[in-house]
Amino acid sequence: AFFYPHVSPSTRIMISVSCIYHWAKIALVSMDASNKCSPRLGIMSLLIDHWCLDTLFDRLVTAKRVLLQGLDTATHLGILVDVGSTYPSLA
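In this report, we go over the structure that sits alongside the text. Residue positions are given per chain, counting from 1 as you read along its sequence in written order. Note on the predicted model: pLDDT of at least 70 is required for a residue's local features to be given, and 80 or more for side-chain atom pairs to be given and counted; whole-chain, interface and lining totals, by contrast, use all residues. Based on all heavy atoms of the structure, the side-chain values leave hydrogens and waters out of the count.

## Points about helix 3 (residues 56–86)
Thinking step 1. Runs of E in the DSSP output that reach at least two residues are strands. Runs of H or I that reach at least four are helices, and both are numbered from the N terminus. Expected span of a helix, by definition, is 1.5 Å for each gap between consecutive residues, and there is one gap fewer than residues. Taking 1.5 Å of rise per residue, 31 residues should cover 45 Å, and helix 3 covers 44 Å from first to last C-alpha, within 8% of that figure.
Thinking step 2. Within helix 3, the full set of buried residues consists of Asp58, Val61, Thr62, Arg65, Asp72, Thr75, Gly78, Asp82, Val83 and Gly84. Each residue is assigned to one of three classes by its accessible area relative to the maximum for its type, calculated with a 1.4 Å probe on protein chains only: buried under 20%, partly exposed between the two thresholds, exposed over 50%.

## Concerning the side chain of Thr75
Thinking step 1. Note that Thr75 resides in helix 3.
Thinking step 2. Looking at Thr75, the relative accessible area reads 5%, which means it is buried.
Thinking step 3. Should any heavy atoms of two residues lie within 4.5 Å, those residues are considered in contact. Beyond its immediate chain neighbours, meaning those up to four positions away, Thr75 contacts Met14, Ile15 and Ser18.

## A closer look at the environment of Arg65
Thinking step 1. Position of Arg65 among the secondary structure elements: in helix 3.
Thinking step 2. Since its relative accessible area comes to 8%, Arg65 is described here as buried.
Thinking step 3. Along the primary structure Arg65 and Trp51 are separated by 14 residues, whereas in three dimensions their C-alpha atoms are 8.9 Å apart.

## Quick word on helix 1 (residues 9–35)
Thinking step 1. Helix length check: helix 1, at 27 residues, gives a terminal C-alpha distance of 39 Å against a target of 39 Å (1.5 Å per residue), a fit within 8%.
Thinking step 2. In the stretch just after helix 1, Lys36 is the one whose phi turns positive, near 60°.

Okay, here's the thing in structure tokens:
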């Protein structure tokens with residue numbers, strides 16, 4: 001992430017955090033897959049199960065999903081904005 005001169009320092013940090021998040025997600029999905037199950041708050045349950053709003057717990061889990069996906073989307077948007085401002089012909 002630190003080798004991209006066309007992105008801002010804040011986007012570099014977001015890229016680094018996103019890399020760590022995705023690495024952890026891959027590791028946790030692999031663990032759940034090898035166990036052939038996922039705990040109630042396991043990564044596969046968080047990513048794959050139905051999103052419900054029936055109970056407070058379900059709402060909190062859904063909020064966590066939205067937050068994680070939103071941060072990842074913001075990282076991608078930051079990259080696109082920085083690249084577009086550096087190379088206007090790509091925008």
